[in-house]
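Chain by chain, the residues run as shown.
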Amino acid sequence: MKAAELQEILHRIDHKGYPAYKDTRGSYQFSGYTLSIDHVQGDPFAAPSKVSIHVSAKMAGFPEHLTNSRCRRIALEDYLLRQFGKAMDKLSFQAKGSGKSGLMSVSRPGQQVLERSACRIQQDGSVLVRLEIGFPANGRTINARELEKILFTFLPECIGKSLQYQALSQKDIEKRVNLASNQEYIRRHLEKQGLAAFVADGSLLPRESGVSGRPMKNGVTFTSPESLKVSFLLPYGGEITGMGIRKGITLIVGGGYHGKSTLLKALETGVYNHMLGDGREYVITDASAVKLRAEDGRSIQKTDISMFIQDLPNGRDTVSFSTEDASGSTSQAANVMEAMEAGSQVFLIDEDTSATNFMIRDELMQRVVQREAEPIVPFIDRVQELYEDFGISTILVAGSSGSYFHKAHCILQMDKYEPVDITEFAKKTAQEFPLKVQPMQRKGSLTFCRKPLPEKSWQGDRRLKIKTQGRDSVCMNHDVIDVRYVEQLVDHEQLSTLAYLLKYAGIYLFDGKKTLQQVVQEVFEVLEKGGMEKICQGSYLPCNFACVRKQELFACINRYRNLKIQK
Ligand code: ADP
Ligand code: MG
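Quick caveat: nothing in here was measured; it's all calculated off a predicted structure.

Scoring rules and cut-offs
Residues numbered from 1 in each chain as written. Chains lettered and ligands numbered in written order. Predicted model: local features only at pLDDT ≥ 70, side-chain atom pairs only at ≥ 80, totals over all residues. Heavy atoms only, no water. Near = heavy atom within 4 Å. Polar contact = N/O pair within 3.5 Å; in protein donor to acceptor, adjacent residues only side chain to side chain. Areas by Shrake-Rupley, 256 points an atom, 1.4 Å probe, with all protein chains shown as cover. Nonpolar A, V, L, I, M, F, W, Y, C, P; charged D, E, K, R; others polar. Patch = residues over 30% accessible without salt bridge, like charges linked within 9 Å, V, L, I, M, F, W, Y side chains within 5 Å. Salt bridge = Lys/Arg side-chain N within 4 Å of Asp/Glu carboxyl O. Helix = DSSP H or I, 4+ residues; strand = E, 2+ residues; numbered from the N terminus. Expected span 1.5 Å × (residues − 1). Contact = heavy atoms within 4.5 Å. Phe/Tyr/Trp six-rings, centres within 6.5 Å; stacked < 30°, edge-to-face > 60°. Core = buried A, V, L, I, M, F, W, Y, C linked by side-chain atoms within 4.5 Å. Buried < 20%, exposed > 50% of the residue type's maximum accessible area, 1.4 Å probe, protein only. Donors = N, O, S within 2.8 Å, 3.2 Å for Na, K, Ca; no water. Domains from an automatic or database assignment. Buried area = accessible area lost by both parts, 1.4 Å probe. Axes fitted to C-alpha atoms, helices over the stretch in contact; angles between N-to-C directions. Parallel < 35°, antiparallel > 145°, perpendicular 65-115°, else oblique. Left-handed = near helix turned anticlockwise from the far one by under 90°. Lys, Arg positive; Asp, Glu negative; His and termini not counted. Charge placed at Lys NZ, Arg CZ, Asp CG, Glu CD. Pairing = 2+ DSSP bridges.

With that settled, consider the site of ligand 1. Close contacts around ligand 1 come from 13 residues, with Val220, Tyr257, Lys260, Ser261 and Thr262 the closest. Between ligand 1 and Val220, the relevant distance is 2.8 Å, taken from a nitrogen atom to a main-chain nitrogen or oxygen of the residue. In this structure, an oxygen atom belonging to ligand 1 sits 2.7 Å away from a main-chain N or O atom of Tyr257. In isolation ligand 1 has 560 Å² of accessible area, and contact with the protein removes 79% of it. Of the residues belonging to the shell around ligand 1, the class tally is five nonpolar, seven polar and one charged.

Moving on, we get to a nonpolar patch on the surface. On the surface, Val220, Tyr257 and Tyr417 cluster together into a nonpolar patch covering about 360 Å² of accessible area. Within the fold, Val220 resides in the loop between strand 10 (195-200) and strand 11 (229-233).

Our focus in this paragraph is helix 14 (residues 516-536). Compared with the 30 Å implied by 1.5 Å per residue over 21 residues, the 21 Å span of helix 14 between its first and last C-alpha is markedly short. Elements that come into contact with the buried residues of helix 14 comprise helix 7 (328-341), strand 23 (451-452), helix 13 (492-509) and helix 15 (550-558). Of the residues flanking the end of helix 14, it is Gln537, one or two places downstream, whose phi is positive at about 60°.

With that settled, consider the packing of aromatic side chains. One pass over the full model with this rule turns up 12 aromatic pairs. With 5.0 Å between their ring centres and 40° between their planes, Phe30 and Phe152 make a pair best called tilted. Highlighted residues: Phe30 in strand 1 (residues 26-30) and Phe152 in helix 4 (residues 144-162), separated in sequence by 122 residues. Here the aromatic cluster, defined as three or more aromatic residues joined through ring pairs, consists of Tyr18, Tyr21 and Phe135.

Our next topic: the nonpolar core. In this structure, Phe62, Leu80, Phe84, Val127 and Ile133 are the most contacted members of the largest nonpolar core, which totals 53 residues. In contact with Phe62, other than residues within four places in its own chain, are Leu76, Leu80, Val127, Leu163, Gln164, Tyr165, Leu168 and Ile173. Counting residues in each nonpolar core, the second largest holds 41 residues, with Leu292, Ala333, Ala334 and Phe405 among its members.

Here the magnesium ion (ligand 2) is held by the protein donor atoms Ser261 (OG) and Asp352 (OD), which lie 2.1 to 2.3 Å from it. Taken together, the positions of Ser261 in helix 6 (residues 260-269) and Asp352 in the loop between strand 19 (346-350) and helix 8 (356-359) put the pair 91 residues apart, joining distant regions of the chain. The partly exposed category is assigned to Ser261, whose relative accessible area is 28%.

Let us look at the domain arrangement of the protein. For the protein, the domain assignment lists domain 1 (3-168), domain 2 (188-447) and domain 3 (451-566). Look at where the C-alpha atoms of domain 1 and domain 2 centre, and you get two points 44 Å apart. Tallying the contact residues gives seven residues for domain 1 and 12 residues for domain 2. Carbon and sulfur atoms make up 56% of the area that domain 1 and domain 2 hide from each other, which totals about 690 Å². For the domain 1 face of the interface with domain 2, the top three residues by lost area are Gln111, Gln112 and Val113, together amounting to 70%. The interface formed by domain 1 and domain 2 contains zero salt bridges. Inspection of the region where domain 1 meets domain 2 yields five residue pairs in polar contact (both at pLDDT 80 or more).

Next up on the list: the environment of Ala20. Along the polypeptide, Ala20 turns up in the loop between helix 1 (3-13) and strand 1. On the basis of relative accessible area, Ala20 is assigned to the buried category, the value being 17%. With 22 residues separating them in the primary sequence, Ala20 and Gly42 have C-alpha atoms 9.5 Å apart. When residues no more than four places from it in sequence are discounted, the contact partners of Ala20 are Ile13 and Ile142.

Further remarks concern the side chain of Asp278. Within the secondary structure, Asp278 is located in the loop between strand 14 (273-274) and strand 15 (283-285). A distance of 2.6 Å separates polar atoms of two side chains, one belonging to Asp278 and the other to Gln111. Once residues lying within four places of it in the same chain are set aside, the contact partners of Asp278 are Gln111, Leu204, Arg207, Gly213 and Pro215.

The next subject is the side chain of Glu455. By the secondary structure assignment, Glu455 is in the loop between strand 23 and helix 12 (456-459). Here Glu455 falls in the buried class, since its relative accessible area comes to 3%. Polar contacts involving the side chain of Glu455 include one to the side chain of Tyr560, which spans 3.3 Å. When sequence neighbours within four positions are dropped, the list of residues in contact with Glu455 reads Gly506, Phe510, Tyr560, Asn562 and Lys564.

Once that is clear, we can look at unusual backbone geometry. Non-glycine residue His15 carries a positive phi angle of around 70°. Along the polypeptide, His15 turns up in the loop between helix 1 and strand 1.

Bringing the packing of helix 1 against helix 4 into the picture now. At a minimum axis separation of 9 Å, helix 1 and helix 4 run at an interaxial angle of 160°. In this view, helix 1 runs roughly antiparallel relative to helix 4, as classed from their interaxial angle. Between helix 1 and helix 4 lies a crossing of right-handed hand. Touching Ala3, Leu6, Gln7, Leu10 and His11 of helix 1 are Ala144, Arg145, Leu147, Glu148, Leu151 and Phe152, all from helix 4. When the residues that make up the contact of helix 1 with helix 4 are grouped by side-chain class, the tally is seven nonpolar, two polar and two charged.

On to a positive patch on the surface. Residues Arg462, Arg463, Lys465 and Lys467 make up a contiguous surface patch of positive charge. Its location among the elements puts Lys467 in strand 24 (residues 466-469). Using a relative accessible area of 48% as the deciding quantity, one classes Lys467 as partly exposed.

So, on to the sheet that holds strand 25 (residues 473-476). The antiparallel open sheet is built from three strands, whose spatial order is 24-25-26. One side of each edge strand has no neighbouring strand; the edge strands of this open sheet are strand 24 and strand 26 (479-482). The average undirected angle you get between the axes of adjacent strands in this sheet is 20°. Examined bridge by bridge, strand 24 and strand 25 share four bridges and lie antiparallel to one another. Bridge pairing in strand 25 places Ile466 opposite Met476. Helix 13 rests against strand 24, strand 25 and strand 26 of the sheet, and its axis sits at about 35° to strand 25.

Below is the structure:
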């Protein structure tokens, strides 16, 4: 339909009852773009209406070299989305009316550059942007004049300012897209250089505050110790040097407040690309890295934690361990095992958020409380095995216990925010404090054979209610999945994605035969081929999805308390 027809509809329904807004559903041709009204809210107080804008390739005009690889395309999409948001803020138009009248919102990316459904550059070079608009009303009476202002004056201006190559700084775009290529290059080449992570010289790791993702002003920039310096020859912009964290066991020590956790945090989010100007653009971590922590109270379903916990006092089985309320140590053990199941090759652990009894047992305690009376085999007794038998590296912040000196391949001291390689000195000193170990054999071999059973209650339920609460939890009908401590989730939109992926898996893939690993693999294959459109199964696509890794889908499924598993 032509834009003029939308105008006619608006004039016709003005001052009518709110439901008449439903007549506006459809696609309308404006000059250079199509406006689609995909979903119309039922009343002024309901969730806002969903609108998408599809700018033709000709009008958008982005040259092909900006989108010729996945990471470049995502970087450009991210940039356009930010520009679109900025244009909206600048024009700051506010329609009058009741309820959510005139409320307009579009995804607001944080410091990470994530693929999002809110902005997609299609194969043919056209640009799709999804947003929400509260259709204006006075009481429950349609105020179509205000909607007309939004759709015919405000939006065209935003589009003109932000979704056209000609209107944007071409240099700025080039910088961001090339940055993405460089980041991708480093992440791809970590393996070849035998690295688990890379932190470039000049990086700025600390944040402005505990609640802000923005870089700290005047923070101390990162400089690699000579002994750990590595370099990459980047596809754009020459050579970059920095600290290479080798595979194996790396220990980060140092006094309190010297920047240990800040470094680890940067490594945690280094599985994503950071935006230009973040300070952590060139902190790049192995894409499978998982942060592991204690998580008291989480549920566990038939996870094999026998590598760390054996012979519980109540005779509970730890090869297939279930609980509704895990302790610090059992939760951390489950987190480790589930990360292995999720294919992680790098573990990131901070003593600040670990269960002490899971991490170490000192000599005195070993002498007083006999091995037989302690079900926990601490992580320190397994860390080498994890690397030697499973190829899993560990990067560990441990400022308070020297025991790990014996096990570590590399020991870094954070000294007033400067990393110092103290491996040699620490190792030598450690010789004077030999470690008494009571080796504990692993029982049996490790197989990941948990098979989720079908979610019967979801199958017939076309109206399965999905809700997310900020960055904290996902609700499927009335079941709350708490993902607060899945620390590498960085954006609430990732939770919406998880909810829909879980729904898809629960209905189509949980069958009691496929293992959890196979299920997650298949979900990602569907996603790769058909995108979120396929996952959402025909219903209109909510505008708010951000990409997640397999590791987070595993984590989400593992925290679903109603999950039924058979082995
Ligand atoms: P630790 O884990 O060693 O106790 P943190 O990493 O928590 O220390 O850092 C302590 C404080 O120092 C934090 O407030 C953090 O923002 C700040 N900080 C960390 N790194 C830097 C840096 N490079 N420059 C300036 N301040 C920093
Ligand atoms: Mg700390």
